[in-house]
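Chains, contacts and geometry: an overview
Chain by chain, the residues run as shown.
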Amino acid sequence: MKREDTIEIRWHGRGGQGAVTSAELTALSAIHENKFAQAFPSFGPERRGAPVLAFNRISAEHAIRVRSSVIKPDIVVVLDPGLVTLINVVDGLKPGGWLIVNSTRSIDDLQSEFSGDWKLAVVDASSIARELLRVNIVNTTMLGALIKTTGVIKIDSLKEQLEVKFGARAKANLEACRKAFDTTVISSITTGGQKKVRTFAVENLAKWSELPVGCVVTDVGNTKQFCTGDWKAQHPVWNDSKCIKCGICSLFCPEFCISQQKDGYFRANEFYCKGCGICAQECWTQSITMVEEA
Ligand code: SF4
Ligand code: SF4
C-alpha cells in the first residue's frame, strides 16, 4: 500500500515526446537528493504519436514497494496539448493536486474545461522547445513547469542528470527548463465547467462477413476509440496523374482506411490514417508521397 508521504506523478504524452525521459529524469533527480523514487512507463501501441503514460513515485522518507500504475496521482503533467480533449487526463487526480499542461491556450480558457478542486499550471512548452532546442520535444521543458509548481525536485539536481543524459545538449535543455520555470502561469480551478472529453461506447461487434469492403468501420466495435489519425506524423498525398486505379494501396493499408472515390481515384480517411507509409511503399506507380504533418 502507498504511504502518505509518497508523491505520485502521472505523465501524459505521445510516443516521441519524451514522457518516459521526463519521468526518468525526475526520479534520478529525486534519488540525487537522497529520496526514494521510481519511474516507469506504460505503453499502448508502441509507435511515434500514440498516447503514452509514464509514472513517478517519490518519497523523502521510505523505500517504495508499490509497483503498480499510478491511478490516483498527486500531479498530472500533460506534454501534448491535444490530449486534453482526447483523454480524461484528470482521472483520479487527488483534490488539491496539480494539473500541469503544455498549451498555447490561456489559463482562463483552459480551466473552463475542468471541474474539480485542483491547481492548474499552463506553459507554452512547445514554443520554448522549438525556440531553444529546435525541436518540439518538450520533456525537459515541462520539467521546468513541474519544478516551479510543485518543487518535487530541485533544478540543481536536474542539472546534473541533464549533463549525464544529454552531454553537450544539456545546456540548451537546461535553458528550456529555466524558461518554462519563469513563464509557467498558475491558477486554481474553482468554478470549472464540464470537461469536454470524447466518450466512446464499445458496442457489439458485427460479423466479419457483414462488414463492407474497403472501409473504416465506425459504427460498431471500438475503432472509434483508436482514432489513429491523430497519431500521425505524416500523411499520404496522391498524384492522380500517375494513378492507374489498381486499388493495391487500399488492399495493403493496415487501417483499411483507403477507399475509392466516385472518380475512381483513391484517398485515405485522415481520421484513421496513422501515417505508416505502407500505401506509398506498395504503390507501384509511385503515385503516393508521404508528407510531414504541419
Ligand atoms: S499511410 Fe497509407 S497505408 Fe498507412 S494508414 Fe495511412 S493510408 Fe493506410
Ligand atoms: S496503388 Fe498506386 S496506382 Fe494503384 S490505386 Fe493506389 S495510388 Fe493508384
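In the block above lies the structure referred to throughout.
Because the structure is a prediction, the values reported are computed rather than measured. (Residues numbered from 1 in each chain as written. Chains lettered and ligands numbered in written order. Predicted model: local features only at pLDDT ≥ 70, side-chain atom pairs only at ≥ 80, totals over all residues. Heavy atoms only, no water.)

1. Side note on the site of ligand 2
Rules: To be near a molecule or strand, a residue needs just one of its heavy atoms within 4 Å of it. Gly is put with the polar residues, along with every residue not named as nonpolar or charged; the nonpolar set is Ala, Val, Leu, Ile, Met, Phe, Trp, Tyr, Cys and Pro, and the charged set is Asp, Glu, Lys and Arg.
Taken together, 13 residues are adjacent to ligand 2, and Cys 243, Cys 246, Gly 247, Cys 249 and Cys 283 come closest. Classifying every residue of the shell around ligand 2 by side-chain character gives nine nonpolar, three polar and one charged.

2. Quick word on helix H6 (residues 170-183)
Applied cut-off: Each helix is a run of DSSP H or I of at least 4 residues and each strand a run of E of at least 2, with the numbering of both proceeding from the N terminus. A helix is expected to reach a length of 1.5 Å times the quantity of its residues less one. In what follows, residue pairs with any heavy atoms lying within 4.5 Å of each other are defined as contacts.
Relative to the 20 Å expected for 14 residues at 1.5 Å per residue, H6 spans 20 Å between its end C-alpha atoms, a close match to the ideal helical length. The elements touched by buried residues of H6 are strand E6 (118-123), helix H3 (125-133), helix H4 (139-150) and helix H5 (155-166).

3. Observations concerning the pairing of strand E1 (residues 7-14)
Going by this rule: For every residue, the accessible area obtained with a 1.4 Å probe (protein chains only) is divided by the maximum for its type, and the residue is called buried under 20%, exposed over 50%, and partly exposed between those limits. At least two DSSP bridges between two strands are needed for those strands to be called paired.
Burial within E1 is extensive, with seven of its eight residues counted as buried. Across four bridges, E1 lies against strand E4 (residues 75-78) in parallel orientation. If you follow His 12 over to E4, its bridge partner there is Val 78.

4. Some details on the packing of aromatic side chains
Two aromatic rings, taken as a pair, are described by how far apart their centres are and by the angle between their planes. The line we're drawing: Two aromatic rings, drawn from Phe, Tyr or Trp (for Trp, its six-membered ring), form a pair once their centres lie within 6.5 Å of each other, and the interplanar angle then sorts them: stacked below 30 degrees, edge-to-face above 60, tilted otherwise. Charge-over-ring contacts are defined here by two conditions on Lys NZ or Arg CZ: a distance within 6 Å of the ring centre and an angle within 35 degrees of the ring normal.
One pass over the structure, following the stated rule, counts two aromatic pairs. Centroid distance Phe 40 to Phe 55: 5.2 Å. Interplanar angle 40°. Geometry classified as tilted. Of the two residues, Phe 40 is situated in strand E2 (residues 36-43) and Phe 55 in strand E3 (residues 51-59); the sequence distance between them amounts to 15 residues. With relative accessibility at 2%, the residue Phe 55 sits in the buried group. Taking the centre distance of 5.2 Å and the plane angle of 85° together, the rings of Phe 271 and Tyr 272 count as edge-to-face. Lys 245 extends its terminal NZ or CZ atom over the ring of Tyr 265, reaching a point 4.3 Å from the ring centre.

5. Considering a nonpolar patch on the surface
As a reminder, the rule being used: Only residues whose relative accessible area exceeds 30% and that form no salt bridge are eligible for patches; like-charged ones are grouped when within 9 Å, while nonpolar side chains (Val, Leu, Ile, Met, Phe, Trp, Tyr) are grouped when within 5 Å. Areas reported as accessible are Shrake-Rupley estimates using a 1.4 Å probe. Residue values count occlusion only from the protein chains shown. One side-chain nitrogen of Lys or Arg within 4 Å of one carboxyl oxygen of Asp or Glu is enough to make a salt bridge.
Residues Leu 251, Phe 252 and Ile 278 make up a contiguous nonpolar surface patch of about 290 Å² in total accessible area. Residue position: Leu 251 is located in helix H7 (residues 248-252).

6. A short note on H4
Taking 1.5 Å of rise per residue, the twelve residues of H4 would be expected to cover 16 Å, and the 16 Å separating its terminal C-alpha atoms lies within 8% of that figure. The element H4 is largely enclosed, with a buried count of ten among its twelve residues. Every buried residue of H4 is accounted for by Asn 139, Thr 140, Thr 141, Met 142, Leu 143, Gly 144, Ala 145, Leu 146, Ile 147 and Thr 149. One or two residues past the end of H4 sits Gly 151, with phi positive at roughly 60°.

7. Focus: the packing of H4 against H5
Note the threshold: Orientation is described by lines fitted to C-alpha atoms, with helices fitted over the stretch in contact, and by angles between N-to-C directions that extend from 0 to 180 degrees. Relative orientations are named as follows: roughly parallel for angles under 35 degrees, roughly antiparallel for angles over 145 degrees, roughly perpendicular for angles from 65 to 115 degrees, and oblique for any other angle. A clockwise turn of the near helix away from the far one marks a right-handed crossing, whereas an anticlockwise turn of less than a right angle marks a left-handed crossing.
Axis separation between H4 and H5 bottoms out at 11 Å; the angle between their running directions is 165°. With respect to each other, H4 and H5 are oriented roughly antiparallel. Between H4 and H5 the crossing geometry is right-handed. On H5, the residues touching Thr 140, Leu 143 and Ile 147 of H4 are Ile 155, Leu 158, Leu 162 and Phe 166. Among the residues forming the contact of H4 with H5, the class breakdown is six nonpolar, one polar and no charged.

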